[in-house]
Amino acid sequence: MTTLFPPQVPTLAATSDGHEFPVRRVFCIGRNYAAHAREMGRDPDREAPFFFTKWAETVVPSGTTVAYPSETTNFHYEAELVVAMGKAGRSIAATDALNHVYGYATGLDMTRRDLQFEARDKGRPWDAGKNVEQSSPLGLIHPAPEVGHLESGSIKLTVNGAVKQDADLNELIWDVPDVIAYVSRFYRLEPGDLIYTGTPAGVGAVVAGDVVTVSIAGLSDCTITVGVPANA
Ligand code: MN
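These lines cover the structure that appears in this document, whether it is placed above or below. Quick caveat: nothing in here was measured; it's all calculated off a predicted structure. (Residues numbered from 1 in each chain as written. Predicted model: local features only at pLDDT ≥ 70, side-chain atom pairs only at ≥ 80, totals over all residues. Heavy atoms only, no water.)

### Topic: helix 5 (residues 176–186)
Where we set the bar: When accessible area is computed with a 1.4 Å probe and restricted to protein chains, residues below 20% of their type maximum are described as buried, those above 50% as exposed, and intermediate ones as partly exposed. A run of H or I in DSSP counts as a helix once it spans at least four residues, and a run of E counts as a strand once it spans at least two, with each numbered from the N terminus. Only heavy atoms matter for contacts: two residues are in contact if any of them lie within 4.5 Å across the pair. Residues adjacent in sequence count toward polar contacts only when both atoms are side-chain atoms; beyond that, a polar contact is any pair of N or O atoms within 3.5 Å, and within protein one must be able to donate a hydrogen and the other to accept it.
Burial of helix 5 is extensive: eight of the eleven residues sit out of reach of the surface. Within helix 5 the residues assigned to the buried category are Val176, Pro177, Val179, Ile180, Ala181, Tyr182, Val183 and Ser184. Each element contacted by the buried residues of helix 5 is listed here: strand 3 (26–29), strand 4 (51–54), strand 8 (79–85), strand 9 (101–108) and strand 15 (194–196). Here helix 5 starts with a cap whose side-chain oxygen sits 3.0 Å from the backbone nitrogen of Asp178, and that cap is Asp175.

Rendered as structure tokens:
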């Protein structure tokens, strides 16, 4: 038997100490900062956590020029703390969750906001709005023994140097242990899984040529340039 075409090559993220981190799956937490939930028109005090997923291949390294996606006129940035899982587990207790973490990175959950809102308001899936090609830029993954477990510290996003998002990780409604515990109730988490933990207030649109940088205290920055639409 022969393989008909080359199997998909796994996405390899980079760690701060020179290793490759094979990305398995991407989970994204929605509306996890109160001020952002309000800017999305929702009441953060009345919501259970929720998540959606993206393909691993949406993960691209810092420094990438992200092509402006098709079928949108409202492409948004979302700065996020990303948790990289290092150890498998199902129904992980929050008290044990940090033992399953490999490390942390800065990331972006780039979004076709117009399609996400249309889907949300019609009760349809979010895939076209969220599971967008090149939509999960990721900075270097810093091992937890290097940077510790992040409970607080600045998370900031700039567009062309202007500050657009400026918050603290201690504002997360569901913190890292809570998020791991929650997602692992539904899926057995595996090494290589990434959890994008949600974005603070201040999301907005980008245009071709914009340079977007996410900074989180203690971690490497994640920077992208917004490109022109892909034509092939
Ligand atoms: Mn997000």
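### Brief notes about the coordination of the manganese ion
The following threshold applies: Donor criterion used throughout: N, O or S atom within 2.8 Å of the metal, extended to 3.2 Å for Na, K and Ca. Water excluded; incomplete-looking sites may result.
Distances from the manganese ion to its protein donors, Glu78 (OE), Glu80 (OE) and Asp109 (OD), fall at 2.0 to 2.1 Å. Spacing between the donor residues of the manganese ion along their common chain follows E-x1-E-x28-D. Glu80 shares its class with Glu78; the two are buried.

### Some thoughts on the packing of aromatic side chains
In plain terms, the rule: Here is the rule: rings of Phe, Tyr and Trp (six-membered ring for Trp) pair when centre to centre is within 6.5 Å. Planes less than 30 degrees apart are stacked, more than 60 are edge-to-face, and the remainder are tilted.
Scanning all chains against the criterion turns up ten aromatic pairs. Taking 5.9 Å as the distance between ring centres and 75 degrees as the angle between the ring planes, the aromatic pair formed by Phe27 and Phe51 counts as edge-to-face. Of this pair, Phe27 sits in strand 3 while Phe51 sits in strand 4; the two residues are 24 residues apart in sequence, bridging distant segments of the chain. Summarising the burial analysis for this pair, Phe27 and Phe51 share the class buried. With a centroid separation of 5.5 Å and an interplanar angle of 50 degrees, the aromatic rings of Phe27 and Tyr187 are classed as tilted. Here Phe27 is found in strand 3, whereas its partner Tyr187 is found in the loop between helix 5 and strand 15, with 160 residues between them in sequence. Grouped by ring-pair contacts, the aromatic residues Phe27, Phe51, Tyr182, Phe186 and Tyr187 constitute a single cluster.

### With respect to the state of the cysteines
Defined simply, a disulfide is a covalent bond joining two cysteines at their sulfur atoms. Heads up, the rule is: By definition, disulfides here are pairs of cysteine sulfur atoms that lie within 2.5 Å.
Tallied over the entire structure, the rule returns zero disulfides. Cysteine Cys222 shares no disulfide, and the gap to the nearest cysteine sulfur, in Cys28, comes to 13 Å. Cys222 gets classed as buried once you look at its relative accessible area, which sits at 0%.

### A word on empty space enclosed by the protein
Threshold: Every definition here rests on a 1 Å grid over the protein atoms only: cavities are sets of points where a 1.4 Å probe fits but cannot get out, pockets are open sets enclosed by protein on both sides within 12 Å along at least five of seven lines, and lining residues have some atom within 4 Å of a point. Grid points are joined across faces, edges and corners, and a volume is the space filled by probe spheres set on the points. Here the term charged refers only to Asp, Glu, Lys and Arg, the term nonpolar to Ala, Val, Leu, Ile, Met, Phe, Trp, Tyr, Cys and Pro, and the term polar to all other amino acids, Gly among them.
Counted according to the given criterion, the structure contains two cavities of 30 Å³ or more. In this structure, the largest cavity occupies an estimated 100 Å³ of space. Considering the residues around the largest cavity, the lining is formed by 18 residues, among which Gly30, Arg31, His36, Glu78 and Gln116 are closest to the centre. Element by element, the count of residues in the lining of the largest cavity is highest for helix 2 (residues 113–122), at four residues. Gly30, Arg31, Pro44, Glu47, Ala48, Pro49, Phe50, Ile173 and Trp174 are the residues that line the second largest cavity. In terms of residue class, the lining of the second largest cavity is made up of six nonpolar, one polar and two charged.

### Some details on the nonpolar core
Quick reminder of the rule: In this description, a nonpolar core means a group of buried Ala, Val, Leu, Ile, Met, Phe, Trp, Tyr and Cys residues linked to one another through side-chain atoms lying within 4.5 Å.
Grouped together as the largest cluster of nonpolar side chains are 42 residues, with contacts concentrated most on Tyr104, Leu108, Ile180, Ile195 and Val212. Taken together, the elements giving at least two residues each to this core come down to strand 3, strand 7 (75–77), strand 8, strand 9, strand 13 (154–159), helix 5, strand 17 (211–216) and strand 18 (222–227). Looking at which element gives the most residues to this core, the answer is helix 5, with five residues. Once residues within four sequence positions are removed from consideration, Val212 is found in contact with Tyr77, Leu108, Leu157, Thr158, Val159, Val206, Cys222, Thr223, Ile224 and Val226. With 17 residues, the next largest nonpolar core counts Phe21, Val26, Ala105 and Leu138 among its residues.

### As for the side chain of Glu80
Condition: Here Asp and Glu are counted as negative and Lys and Arg as positive; His is not counted, and neither are the chain ends. Salt bridge, as used here: a side-chain nitrogen of Lys or Arg that lies within 4 Å of a carboxyl oxygen of Asp or Glu.
Tracing the backbone shows Glu80 in strand 8. We note that Glu80 is buried and unpaired, the nearest opposite charge coming from Lys130 at a distance of 5.5 Å. Looking at Glu80, its side chain comes within polar contact range of the main-chain nitrogen of Gly198, at 2.8 Å. In contact with Glu80, not counting residues within four places along its chain, are Ala105, Thr106, Gly107, Asp109, Ile155, Tyr196, Thr197, Gly198, Thr199, Val214 and Ile216.

### With respect to the pairing of strand 13
Each regular strand displays side chains that alternate between the two surfaces of the sheet. What counts, and what does not: By definition, two strands form a pair when at least two bridges between them are found by DSSP.
Alignment of strand 13 against strand 14 (residues 162–168), held across six bridges, turns out to be antiparallel. Residue Leu157 lies in a different strand from strand 14, and its bridge partner there is Gln165. What sits between the antiparallel neighbours strand 13 and strand 14 is a turn of two residues, in which Asn160 has the positive phi angle 50 degrees. Examined bridge by bridge, strand 13 and strand 17 share five bridges and lie antiparallel to one another. Along strand 17, the bridge assignment pairs Lys156 with Ser215.

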